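# Coordinate analysis (summary)
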Amino acid sequence: MLHDNYGINEKGHLTVCGADTVKLAAKYGTPLYVLDTDKVRAQCRIYKSAMEKYFPSGSMPFFASKALSYVGIYRIIASEGIGTDIVSPGELYTAAKAGFPLQNTCFHGNNKTDADIEYGVKSGVGYFVVDSTEELLALNGIAVKLGKVQKILLRLSPGIDPHTFEAVKTGRVDSKFGSPIATGAAEQIVKEALSLNGVRLCGYHCHIGSQIFEPEPFCDAAKIMIQFSFDMKNKYGYEADIINLGGGFGVSYYEEQKDPDIEGNIKEIADVINGFCKEKNIKVPVIFMEPGRSIVGAAGVTLYTVGSVKEIPGFRSYVSVDGGMPDNPRYALYSSRYTALIANKADKPCTEEYTVAGRCCESGDLIGEGMRMQKAERGDILAVLVTGAYNYSMASHYNRIPKPPIVTVSGGKDTLAVKRESYEDLTRNEL
Ligand code: LLP
């Protein structure tokens, strides 16, 4: 069933990590985010062991916590012995609150304020991923003031088009992120960084896009980054110790989309890097990657209760659920396709095709269109699969809908990890 952590039990109910989703819905209410933490750990281990096996010592994955950020996830990530990527002081705060070893963090963001920078330096963030010259100079000033030398990676744009969809292409020259290599801006910022006392340049970072299944775009990006490192070595005598290749691989959201072979892809990237470094007579750098979606995506399932089922003859049938774009904005934003099923009828054939609508006062509030599933009736539990990444973390309070809770499942046992928000929570800061 799409991913190995989903199943159907003897009652014909959908299970996640062995837990009956219909029971979870009854126990915790809906909408409900379910997160299989055994699956999260398994994904961490695939990246960690492959990166340790094929890349030089010190190479490691940094979980991109923009995909899912709450206190408990940082504890899981820390216990797997991998790093985390944070993009805001809020993510930093949450990681710190979880006791995450902050030396194993990469701090991103294309517009860190002075306050963000000071907070990061004081907290002991491992690597600032410096996006611009303004940030570099501000960071240097703050580090000098605090008597620290901050390790940094420079975010560069290698100009790769990974053939993914527009909204998540972030490594091209025309991008709000980083210094383009092609325009000479990357070289300028390297020169600048090497002249400063408050920062220590450790290497370069790039991120070419998200939901990429094949190794080739990563291989291309790695070659451009290593070529750049080679050029900087020749010009300024500085050779990068670390190359951070950014996000991880894609995740299968529906049957026709094949899940990538993460270990195989990493081996292929390593082969290309090793070959290229040999050809250039340059040392093989330590490699960082920042997988988000592929760590938590398949671990997550969202459960809803079906309200109305409306057939419009000659057009389509709508199933309305008790959540929607506030807990999953990805169809409204990117037309992202999901797989859904009726969790209490998971063993029945998928005979229907529905547009699944949320409860917001907005026509675009859809979870998906043309979704094939079992016949839905009021009171059924509708499960949307592969919602672990960029759902909770992108949730909003649109229409004053409180955010659903997160229930984690491990070894078939469920635990409340994040409480359901109350109406009082919604008005907490309002004077
Ligand atoms: N590192 C950097 C610098 C990134 O910008 C991203 C994602 C990642 C790592 C993690 O990439 P992943 O392994 O998850 O592909 N909200 C969009 C996704 C935006 C991704 C932005 N950056 C979505 O819901 O599809």
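Residues numbered from 1 in each chain as written. Predicted model: local features only at pLDDT ≥ 70, side-chain atom pairs only at ≥ 80, totals over all residues. Heavy atoms only, no water.

### Brief notes about the packing of aromatic side chains
Evaluated as defined, the whole model comprises 10 aromatic pairs. Measuring from centroid to centroid gives 5.6 Å for Y33 and Y392, while their planes differ by 90°, and the two rings are edge-to-face. Note that Y33 is positioned in strand β4 (residues 32–36) and Y392 in the loop between β19 (381–385) and β20 (406–410), a separation of 359 residues in sequence. Judged by its relative accessible area of 18%, Y392 is buried. Ring centres 4.5 Å apart and planes at 45° place the aromatic pair F62 and F288 in the tilted group. Separated by 226 residues along the polypeptide, F62 in strand β5 (residues 60–64) and F288 in strand β13 (residues 286–290) bring together distant segments of the chain. By relative accessible area, F62 is classed as buried at 1%. (Phe/Tyr/Trp six-rings, centres within 6.5 Å; stacked < 30°, edge-to-face > 60°. Helix = DSSP H or I, 4+ residues; strand = E, 2+ residues; numbered from the N terminus. Buried < 20%, exposed > 50% of the residue type's maximum accessible area, 1.4 Å probe, protein only.)

### Side note on the domain arrangement of the protein
With domains assigned, the protein is organised as domain 1 (6–30 + 299–426) and domain 2 (37–295). Three residues, R337, V386 and Y390, lead the burial of domain 1 against domain 2; their summed loss comes to 33% of the area buried on that side. Summed over the shared surface of domain 1 and domain 2, the result is 1 salt bridge. Linking R337 and E256 is a salt bridge whose minimum nitrogen-to-oxygen distance equals 3.0 Å. Where domain 1 meets domain 2, there are 8 residue pairs in polar contact (both at pLDDT 80 or more). (Domains from an automatic or database assignment. Buried area = accessible area lost by both parts, 1.4 Å probe. Salt bridge = Lys/Arg side-chain N within 4 Å of Asp/Glu carboxyl O. Polar contact = N/O pair within 3.5 Å; in protein donor to acceptor, adjacent residues only side chain to side chain.)

### A word on the nonpolar core
Soluble, globular proteins show a tendency: their nonpolar side chains are buried together. The biggest cluster of nonpolar side chains holds 80 residues, and the ones touching the most others in it are V40, I73, I152, L154, Y204 and I266. Examining the composition of this core, we find that 8 residues originate from one element, helix α8 (residues 216–236), more than from any other. Two domains share this core, each providing at least three of its residues, namely domain 1 (6–30 + 299–426) and domain 2 (37–295). Beyond its immediate chain neighbours, meaning those up to four positions away, L154 contacts V130, I189, V190, A193, L201, G203, Y204 and H205. Y6, A383, V384 and V407 belong to the second largest nonpolar core, which has 42 residues in total. (Core = buried A, V, L, I, M, F, W, Y, C linked by side-chain atoms within 4.5 Å. Contact = heavy atoms within 4.5 Å.)

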